[in-house]
Amino acid sequence: MRSKTRASWLVGLALLALAACSSAPKEDPNSQANLDKLYAEAKDDLSAGSYDRAIKSLERIEGRAAGTLLAQQAQLDLAWAYHRSGERAQSITVLDRFIKLNPSSPAMDYALYMKGLVNFNEDLGLFGRLASQDISERDQQASRDALLSFRQVVEQYPESKYAADARVRVDFITNTLANYEVHVARYYYERGAYVAAANRAQQTVQEFQHAPAAEHALQLMVKSYDKLGLTPLRDDAQRVLAKSFPNSAYLNPNSEKKAWWKIW
């Protein structure tokens with residue numbers, strides 16, 4: 001009787017072992033096949049505009065595939081998804097992390113270009129918002145950050161397929177920032193803050209000397225120094241204006257020519 005019980009027990013163990021061997025192994029979420037599948041789903045979500053779902057998938061891929069090219073690609077797609085969903089700060093954070101961790105990546109030109117785009121789009125409504133905002137208080141940091149990123153693309157990756165567009169954006173942002181600085185200087189001048197007006201105009205000339213707005217900045221320097229009774233500084237600014245813009249209408253002291261950029 002005892003031997004029969006022992007035999008039944010051994011048979012039971014054998015059946016359990018066979019069942020364990022015949023069951024399917026647990027699926028590895030970090031396997032290349034699963035990561036590829038997850039990435040394909042994330043790309044589909046991006047194409048469909050389902051950015052929240054794409055972000056969750058891409059974040060998982062970035063963590064599971066750390067140190068691989070797939071993780072790098074996931075980071076760039078994640079930055080784009082954040083950007084498209086209106087999360088500028090998160091997008092910039094991801095791009096900064098990519099740039100720091102992958103200095104030799106073949107996609108570095110794209111990362112810098114995308115960082116420029118994210119900051120550039122943040123300030124597209126510059127002129128439209130000036131009418132309802134005290135322009136002396138407006139922060140232009142996003143535009144300056146965009147300018148820096150686009151310049152890096154142009155200077156460090158001149159053969160990049162993004163370089164040509166980056167050059168156009170560098171010129172546009174440079175002129176936009178120069179126009180903004182001149183507008184602030186004029187804002188101060190019209191309110192009798194002649195020292196502030198002269199300083200802001202001088203800063204514009206120094207930083208954006210090749211921008212068309214430098215002509216108006218020099219004229220504001222001339223007028224501000226004149227109001228302050230600083231004759232030598234006024235005459236110096238007048239000489240620079242005449243040398244830099246010999247055909248300027250501002251050389252006529254009675255001219256109140258409207259600047260080409262002034263749209264309000």
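None of these values were measured; they are calculated from a predicted model.

Asker: Even after reading the chapter, I still don't get the overall build of the protein, so can you show me in this structure?
Answerer: Along its length, the protein carries twelve helices and zero strands. In the protein, the succession of helices and strands from N to C terminus is α-α-α-α-α-α-α-α-α-α-α-α. The buried share of the protein, taken over its 264 residues, is 42%. For the protein, long-range pairs separated by at least 24 residues make up 54% of all intrachain contacts whose partners lie at least 6 apart in sequence. Total accessible area on the protein is roughly 15300 Å²; 54% of this is exposed by carbon and sulfur atoms.

Asker: Looking at this structure, I do not really get the packing of helix α3 (residues 51-64) against helix α4 (residues 69-84). What am I missing?
Answerer: The description of two helices packed together rests on the angle between their axes and the distance between the axes. It is the contact of α3 with α4, at a shortest axis distance of 9 Å, that shows an interaxial angle of 155°. By the angle class used here, α3 and α4 are roughly antiparallel. Note on packing geometry: the crossing formed by α3 with α4 is left-handed. For the pair α3 and α4, contact is made by Y51, I55, L58, E59, I61 and E62 and by L70, A71, A74, Q75, D77, L78, A81, Y82 and R84, respectively.

Asker: Quick question: what am I supposed to make of the side chain of D77 here?
Answerer: The residue D77 is located in helix α4 in this model. Beyond its immediate stretch of four places on either side in the chain, D77 contacts Y39, K43, L46 and L58.

Asker: I keep staring at the nonpolar core and nothing clicks. Help me out?
Answerer: Taken as a class, soluble globular proteins show a tendency for nonpolar side chains to be buried jointly. Counting residues in hydrophobic clusters, the biggest one holds 35 residues, and the most contacted among them are Y113, F150, V153, I173, A201, L220 and M221. Going through the elements one at a time, α6 (108-122), α8 (141-156), α9 (163-190), α10 (194-207), α11 (214-228) and α12 (231-244) are the ones with two or more residues in this core. No other element matches α9, which puts eight residues into this core. In contact with F150, other than residues within four places in its own chain, are Y113, G116, L117, F120, A166, R169, V170 and I173. Counting residues in hydrophobic clusters, the runner-up holds 26 residues, among them Y39, L46, L58 and V94.

Asker: Hey, could you run me through the confidence of the model for the protein in this one?
Answerer: Averaged over all residues, the pLDDT of the protein is 84; the fraction at 70 or higher stands at 77%. Residue range residues 125-137 is modelled with pLDDT below 50. Its contacts to residues more than four positions away, or to other chains, number 24 contacts. Every residue in residues 258-264 is under pLDDT 50, and counting partners more than four places away or in other chains gives 17 contacts.

Conventions adopted
Residues numbered from 1 in each chain as written. Predicted model: local features only at pLDDT ≥ 70, side-chain atom pairs only at ≥ 80, totals over all residues. Heavy atoms only, no water. Helix = DSSP H or I, 4+ residues; strand = E, 2+ residues; numbered from the N terminus. Buried < 20%, exposed > 50% of the residue type's maximum accessible area, 1.4 Å probe, protein only. Contact = heavy atoms within 4.5 Å. Areas by Shrake-Rupley, 256 points an atom, 1.4 Å probe, with all protein chains shown as cover. Axes fitted to C-alpha atoms, helices over the stretch in contact; angles between N-to-C directions. Parallel < 35°, antiparallel > 145°, perpendicular 65-115°, else oblique. Left-handed = near helix turned anticlockwise from the far one by under 90°. Core = buried A, V, L, I, M, F, W, Y, C linked by side-chain atoms within 4.5 Å. pLDDT = per-residue confidence, 0-100.

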